[in-house]
Amino acid sequence: MFEDTHTEHVLLTPGPTPIHPRAQKALMRGMLGHMDPEVFALNREIQADLRVMYGTEPEAFTALLAGTGSLGMEAGFANLVEKGDEVLVCANGSFGRRMAEMAARYGAKVRLVTAPLGEAINPEDVANHIDGVAMVAVVHGETSTGVLNPVPEIAELVRRSGALFTVDAVTTAGMEPFRMQDWGVDYAYTGAQKCLSAPPGLAPIAVSERAFARFDSRRSPTPLWYCDFGGLKDYWIDHTYHHTVPVNLHYAFHAALQAALEEGLENRQHRVRMMGRVITRTLEPYGFSHYVRKEADRLPTVLALRLPEGFDDAGVRQALRKREISVTGGLGPTAGVIWRLGLMGESAHPEPYRKLMAALQDLMGEPGLLPRYEEVLAEETVQKPALLSV
Ligand SMILES: *Cc1c(COP(=O)(O)O)cnc(C)c1O
């Protein structure tokens, strides 16, 4: 039976993240229709804030899709790929492979560029396979392994080739500065429940003018009616009915995005790095270590830590779950080998990790663990105390 006792549950997973208090409050607002002028005004603010979050050109089209991050991914391929197009997909984890599968379903001939598990895509490999492709697609931060792919370097190659550039920004946008215009990204998406700590169910997207021109010159309509860019424009620009948008989720998303921009993307970037250092330095003496070897390849928002020798992964996570703390393990080949600690949005604060450290201290029988956390935290916050609400 489902029990409504989860208000104190500590979510340290790589999505969903703990809901932002302002987003939670916004969910209480009264219902309005999807065609109400107030909702259109709210949508306009969301669109403007998304341009800031993604760093787009001033007139870029931004919108929320009524679905999760995967719908953002699917909509890009559905609108921008036609049967027979060559699409280069960088796949060094499960979300990269998801991109490849979707691109193929929309008729693309997929060229895969891979990298060993736990390593970033090498831009040279992209350069060697880019000739003649219509689109290059890459996951910025690969959640399945905690790897950050070198998007600015890949972007430069794509710019020279003239291909469209699609970037999965699910674990980065809203937490890391994202420079859609400077890098030359044509299509980017994320999920509301990741770096922004809004409820799941919305995929914020941004489309460059160049991508829209490609969409306008399609030989056949997109097979995905629900997310047809033209249909989205009807609603988001011309304010005519296309489908009933989830207004209550828009309220919550608006509140969460405003909170993120008020905090400042650079402050958020510092906050996530600082928490990453605190957690790693606390746990290193107990046998935890970085799974991703090269520092430059580490995704700050999903901390992948190799577990100590002989650590009972499943048992400890089950015991944590009983204490209302959720932690995520590895996937496939990394199952039982790593933990993937979420540092997106509201999870990157001292308090939720303090609860984890207290529980681990108890479960591992290591009385020095929590004191060490406090000590390292104090050291790391001494430089920038204002960033963290301790
Ligand atoms: C979570 C995630 C997705 C998919 O998002 P859903 O909201 O689960 O559909 C896509 N890409 C990356 C990198 C993710 O972390």
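Since the model is a prediction, treat every value here as computed from it, not as a measurement. (Residues numbered from 1 in each chain as written. Predicted model: local features only at pLDDT ≥ 70, side-chain atom pairs only at ≥ 80, totals over all residues. Heavy atoms only, no water.)

### Considerations on the sheet that holds strand β11 (residues 289-290)
Spelled out, the test is: In this analysis, strands are considered paired if DSSP registers two or more bridges between them. By definition, any uninterrupted DSSP run of H or I lasting at least four residues is a helix, any uninterrupted run of E lasting at least two residues is a strand, and each is numbered from the N terminus. In this analysis, two residues are considered to be in contact whenever any of their non-hydrogen atoms come within 4.5 Å of each other. Only the stretch in contact is used when a helix axis is fitted, and all axes are lines through C-alpha atoms; the angle between N-to-C directions ranges over 0 to 180 degrees.
As summarised here, the arrangement of the four strands in space is β11-β12-β15-β14, forming an open sheet in which the pairing is antiparallel. The open sheet has two free edges, formed respectively by β11 and β14 (328-329), since each of these has just one partner strand. Bridging between β11 and strand β12 (residues 302-306) involves two bridges; their strand directions are antiparallel. The residue bridging H290 from the neighbouring strand is L305, located in β12. Packing of helix α12 (residues 313-322) onto the sheet brings it into contact with β14 and β15 (338-342), and relative to β15 it is tilted by some 30 degrees.

### Brief notes about the site of the ligand
To keep it simple, the criterion reads: Nearness here has a simple test: a residue counts as near a molecule or strand if at least one of its heavy atoms is within 4 Å of that partner. Nitrogen and oxygen atoms within 3.5 Å of one another constitute a polar contact, given that in protein one can donate a hydrogen and the other can accept it, and given that sequence-neighbouring residues count only through two side-chain atoms. Computed by Shrake-Rupley with a 1.4 Å probe, the accessible areas treat only the displayed protein chains as cover when residues are assessed. Classification used: nonpolar for Ala, Val, Leu, Ile, Met, Phe, Trp, Tyr, Cys and Pro, charged for Asp, Glu, Lys and Arg, polar for all others including Gly.
Close to the ligand lie T68, G69, S70, F95, V139, G141, T143, D168, V170, T171, Q193 and K194. Taking T68, its side chain carries an N or O atom lying 2.6 Å from an oxygen atom of the ligand. Within the side chain of K194, an N or O atom sits 2.7 Å from an oxygen atom of the ligand. Relative to its unbound accessible surface of 380 Å², the ligand loses 89% to contact with the protein. Counted by class, the shell around the ligand contains three nonpolar, seven polar and two charged residues.

### Some remarks on the domain arrangement of the chain
The test is simple: Just so you know, the domain bounds were taken from an automatic or database domain assignment. Summed over both partners, the accessible area lost on bringing two parts together, with a 1.4 Å probe, is the buried area. Any Lys or Arg side-chain nitrogen found within 4 Å of a carboxyl oxygen on Asp or Glu counts as a salt bridge.
Domain annotation for the chain reports domain 1 (10-14 + 264-387) and domain 2 (21-262). Taken over C-alpha atoms, the centre of domain 1 sits 28 Å from the centre of domain 2. Contacts between domain 1 and domain 2 engage 29 residues on the former and 31 residues on the latter. Regarding the contact of domain 1 and domain 2, the summed buried area is about 2200 Å², with carbon and sulfur atoms giving 60% of it. The interface formed by domain 1 and domain 2 holds one salt bridge in total. Between E176 and R273 there is a salt bridge whose closest N-O contact spans 2.7 Å.

### A word on the pairing of strand β8 (residues 164-168)
Note the threshold: Summary of the burial criterion: residues with accessible area below 20% of their type's maximum are buried, those above 50% are exposed, and those between are partly exposed, where the area comes from a 1.4 Å probe applied to protein chains only.
Burial analysis of β8 places five of its five residues in the buried class, the great majority of the element. Alternating positions in β8 separate into two faces, L164, T166 and D168 on one and F165 and V167 on the other, with burial throughout. Across five bridges, the pairing between strand β5 (residues 135-139) and β8 is parallel. What sits directly across from V138, in β8, is V167. Here three bridges tie β8 to strand β9 (residues 187-189), and the two strands are oriented parallel to one another. Residue T166 lies in a different strand from β9, and its bridge partner there is Y187.

### A word on unusual backbone geometry
The amide bond that connects G15 to the next residue, P16, takes the cis arrangement and shows omega of -5 degrees. Positive phi, close to 60 degrees, is recorded for H239, a residue that is not glycine. Following the sequence through the fold, H239 ends up in the loop between α9 (229-236) and α10 (247-263). In this structure H239 comes out as partly exposed when scored by relative accessible area, which is 24%.

### Some details on the nonpolar core
The line we're drawing: Nonpolar cores are built from buried Ala, Val, Leu, Ile, Met, Phe, Trp, Tyr and Cys residues. Side-chain atoms within 4.5 Å join them into one set.
Counting residues in hydrophobic clusters, the biggest one holds 86 residues, and the most contacted among them are Y54, F77, F165 and F253. Counting residues per element, this core draws most heavily on α10, which supplies eight residues. Residues W339, Y353, M357 and V376 belong to the second largest nonpolar core, which totals 36 residues.

### As for helix α6 (residues 151-161)
Convention followed: The directions from the helix axis to the C-beta atoms are what the arc is built from.
Those residues of α6 lying buried are V151, I154, A155, L157 and V158. Axial view of α6: buried residues confined to an arc of 165 degrees, hence all on one face. Turning to α6, the residues buried within the fold contact β3 (86-91), α5 (123-129), β5, β8 and α7 (180-183).

### Here we look at the environment of R210
Within the secondary structure, R210 sits in helix α8 (residues 209-216). Ignoring any residue separated from it by four or fewer positions in sequence, one finds R210 in contact with G162, A163, L164 and D186. At 3.3 Å, the side chain of R210 forms a polar contact with the backbone oxygen of G162. Polar contacts involving the side chain of R210 include one to the main-chain carbonyl oxygen of A163, which spans 2.7 Å.

### Notes on the packing of aromatic side chains
Let me state the cut-off plainly: Between 30 and 60 degrees the pair is tilted, below 30 it is stacked and above 60 it is edge-to-face, where a pair is any two Phe, Tyr or Trp rings, Trp via its six-membered ring, whose centres lie within 6.5 Å. The criterion for a charge sitting over a ring is simple: Lys NZ or Arg CZ within 6 Å of the ring centre, and within 35 degrees of the ring normal.
Counted by the stated rule, this structure contains 13 aromatic pairs. A centroid spacing of 5.7 Å and a plane angle of 80 degrees characterise the contact between F212 and F215, whose relative ring orientation is edge-to-face. Remark: F215 and F212 occur in helix α8; sequence separation between them is three residues, near one turn of the helix. Residue class for F215 comes out buried when judged on its relative accessible area of 11%. The rings of F61, Y187, Y189, F212, F215 and F229 are connected pair by pair, giving a single aromatic cluster. Residue placement shows R29 over the ring face of Y251; its charged tip is 5.0 Å from the ring centre. A cation over a ring is seen here: K233 above F212, with NZ or CZ 3.9 Å from the ring centre.

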